[in-house]
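Observations on the model geometry
For reference, the chains in residue letters:
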Amino acid sequence: MSKLVSLIVPCYNEEQALPLFYEQTLHIIEQLPAYNFELILVDDGSRDGTLRVAKELAARDARVRFLSFSRNFGKESAMYAGLLNASGDFVAFMDADLQDPPALLPQMLTALTEEGYDAAAARRQTRTGEGRIRSFLSRRFYSMMNRLTHMEIVQGARDFRLMTRAYVNALLALSERCRFTKGLFSWVGFRTKWISYENVERVAGETKWSMTQLFRYALEGIIAFSVAPLSFASLLGTAFCGISLLGFLFVFFRALFCGDPVAGWPSLVCILLFASGIQLFSLGMVGQYLARVYTETKRRPLYICRESNLPEEKFVRMG
Ligand code: UDP
Ligand code: MG
């Protein structure tokens, strides 16, 4: 029996890119006759004709499965839905915009079947075509993440990776609602082979991530995998206690030896503002964690599916 490979493709407004993605992927699949493939297109509540294109592809090719969400739930939810519904012995995530070159698939399969790896992941060596501020901030984020969480998230790592069934089951066992898949990949462990490639610009359409969304994504990652910010608040508090003690001694001895000239209101106001700013900042940080606890306890599904061509007995409508 030849093994089944599931390719999970989150799609949000990818009407133009999807047919191109299908063509290229098909081309690669044809070079791998030893495997069966299924393509799981997860339409993340697109507002354009993505669902129509997905249905057309499904009508043409029985290997194409699609799931369509009731609204836009975000890429993380789309990836999770794909994982839940994939039945392959090997499973891969791929972007619909061809920024994850399907040409790497044969190499990834070899890594898993012959070289004894549990996952083969792609990382881009360059960030050509990406804004300078954007790539600078991304690099800062990855180094901060690695320092704060003691977990290795490789620079330029993409979500594009091929995984074994055991690896996928491990990912599915992590049932948290606030998912930061890049961190989960690292958390589950296993042996991962990194494959470097030059950045490819998206074939059609435009990026779905604004700066604000990327910032939120980064925050999600740090909070999901590190409690260091919480201790940061107490560290800062301790430091301020120390400084204020020194300040007190200074004021006391100055008054003792030089008298007490009443001055320094402006500096007092500045210190007050600074200290209360720090307090609010720390409170906000605690709030961020509390918010995650709140979201997790509600245990709302990560996605709601509106339509799909998956067989009913396998289909997971809500995740
Ligand atoms: N995507 C999604 N839901 C979203 C945003 C993006 O499913 O809310 C998909 C998108 O269709 C694409 C992939 O996630 O297949 C990566 O998105 P994009 O190319 O916009 O991100 P970038 O490559 O610019 O980081
Ligand atoms: Mg992209």
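All values reported here derive from a predicted model rather than from experimental measurement. Throughout, a residue's number is its position along its own chain's written sequence, starting from 1. Here the convention is simple: chains get letters from A, ligands get numbers from 1, in the order in which they are written. Thresholds applied to this predicted model are a pLDDT of at least 70 for local features of residues and 80 or more for the giving and counting of side-chain atom pairs; totals over whole chains, interfaces and linings are not thresholded and use all residues. Side-chain measures here rest on the full set of heavy atoms in the structure, leaving out hydrogens and waters.

This part covers the coordination of the magnesium ion (ligand 2). Coordination partners: N, O, S within 2.8 Å of the metal, 3.2 Å for Na, K and Ca; water not considered, so apparent gaps in a site are possible. Surrounding the magnesium ion (ligand 2) are the protein donor atoms Asp97 (OD) and Gln99 (OE1), at 1.9 Å. Look at Gln99 and you get buried, because its relative accessible area is 16%. Each residue's exposure class comes from its accessible area (1.4 Å probe, protein chains only) as a fraction of the maximum for that residue type: buried when under 20%, exposed when over 50%, partly exposed otherwise.

Right, let's talk about the packing of helix α8 (residues 211–225) against helix α10 (residues 265–298) for a bit. Orientation is described by lines fitted to C-alpha atoms, with helices fitted over the stretch in contact, and by angles between N-to-C directions that extend from 0 to 180 degrees. Secondary structure follows DSSP: runs of H or I at least 4 residues long count as helices, runs of E at least 2 residues long count as strands, and numbering of each begins at the N terminus. At their nearest, the axes of α8 and α10 sit 11 Å apart, and the two run at 80° to each other. In terms of their interaxial angle, α8 and α10 are classed as roughly perpendicular. Side by side, α8 and α10 meet where Leu219, Glu220, Ile222 and Ile223 of the first sit next to Gln288, Tyr289 and Arg292 of the second. Classification convention: Asp, Glu, Lys, Arg as charged; Ala, Val, Leu, Ile, Met, Phe, Trp, Tyr, Cys, Pro as nonpolar; all other residues, Gly among them, as polar. Looking at the contact of α8 with α10 residue by residue, the classes come out as four nonpolar, one polar and two charged. For classification purposes, an angle smaller than 35 degrees is called roughly parallel, one larger than 145 roughly antiparallel, one from 65 to 115 roughly perpendicular, and anything else oblique. Contact definition: two residues touch when any of their heavy atoms are within 4.5 Å.

Two elements in contact, helix α5 (residues 132–149) and α8, have axes separated by 10 Å at closest approach and are oriented at 10°. When the axes of α5 and α8 are compared, the pair comes out roughly parallel. Across the interface between the two elements, Ile133, Arg134, Leu137, Phe141, Met144, Met145, Leu148 and Thr149 from α5 touch Met211, Leu214, Ala218, Gly221, Ile222 and Phe225 from α8. Taken together, the residues of the contact of α5 with α8 break down into 11 nonpolar, two polar and one charged.

Let us now look at unusual backbone geometry. Of note in the backbone geometry, Asn13 takes a positive phi value of approximately 55° without being a glycine. Topologically, Asn13 is positioned in the loop between β1 (4–11) and α1 (17–29). The backbone of Phe190 shows a phi angle near 70°, a positive value even though the residue is not glycine. Looking at the element boundaries, Phe190 is found in the loop between α7 (181–188) and β7 (192–197).

Paired through backbone hydrogen bonds, the strands of a sheet run either parallel or antiparallel to each other. Strand pairing is assigned whenever DSSP identifies at least 2 bridges connecting the two strands. As summarised here, the arrangement of the eight strands in space is β7-β5-β6-β4-β1-β2-β3-β8, forming an open sheet in which the pairing is mixed. Unpaired on one side and paired on the other, β7 and β8 (305–308) mark the two borders of the sheet. Direction aside, neighbouring strands of the sheet carry axes that sit 20° apart on average. With four bridges connecting them, strand β5 (residues 119–124) and strand β6 (residues 157–164) associate as antiparallel partners. Among the inter-strand pairings, Arg123 is bridged to a residue of β6, identified as Ala157. The strands touched by helix α4 (residues 105–113) are β1, β2 (36–43), β4 (90–93), β5, β6 and β7; relative to β6, the strand with the most contacts, the crossing angle is about 50°. Running over the sheet, helix α6 (residues 165–173) touches β4, β5 and β6 and is turned about 120° from β6.

Turning our attention to the site of ligand 1. Consider each residue's heavy atoms; a residue with any of them within 4 Å of a molecule or strand counts as near. Around ligand 1, the structure places 16 residues, and the nearest of them are Glu14, Asp44, Asp97, Gln99 and Arg202. The term polar contact refers here to a pair of N or O atoms within 3.5 Å; inside protein, the definition further demands a hydrogen-donor-capable atom paired with an acceptor-capable atom, and it admits residues adjacent in sequence only when both atoms are side-chain atoms. Within the side chain of Asp44, one N or O atom sits 2.6 Å away from a nitrogen atom of ligand 1. One of the side-chain N or O atoms of Asn72 is found 3.2 Å from an oxygen atom in ligand 1. Expressed as a share of its isolated accessible area of 530 Å², the protein-covered part of ligand 1 is 89%. Taken together, the residues of the shell around ligand 1 break down into five nonpolar, four polar and seven charged. Surface exposure here means Shrake-Rupley accessible area, sampled with a 1.4 Å probe, where a residue is shielded only by the protein chains that are shown.

That is the geometry; function is a separate question.
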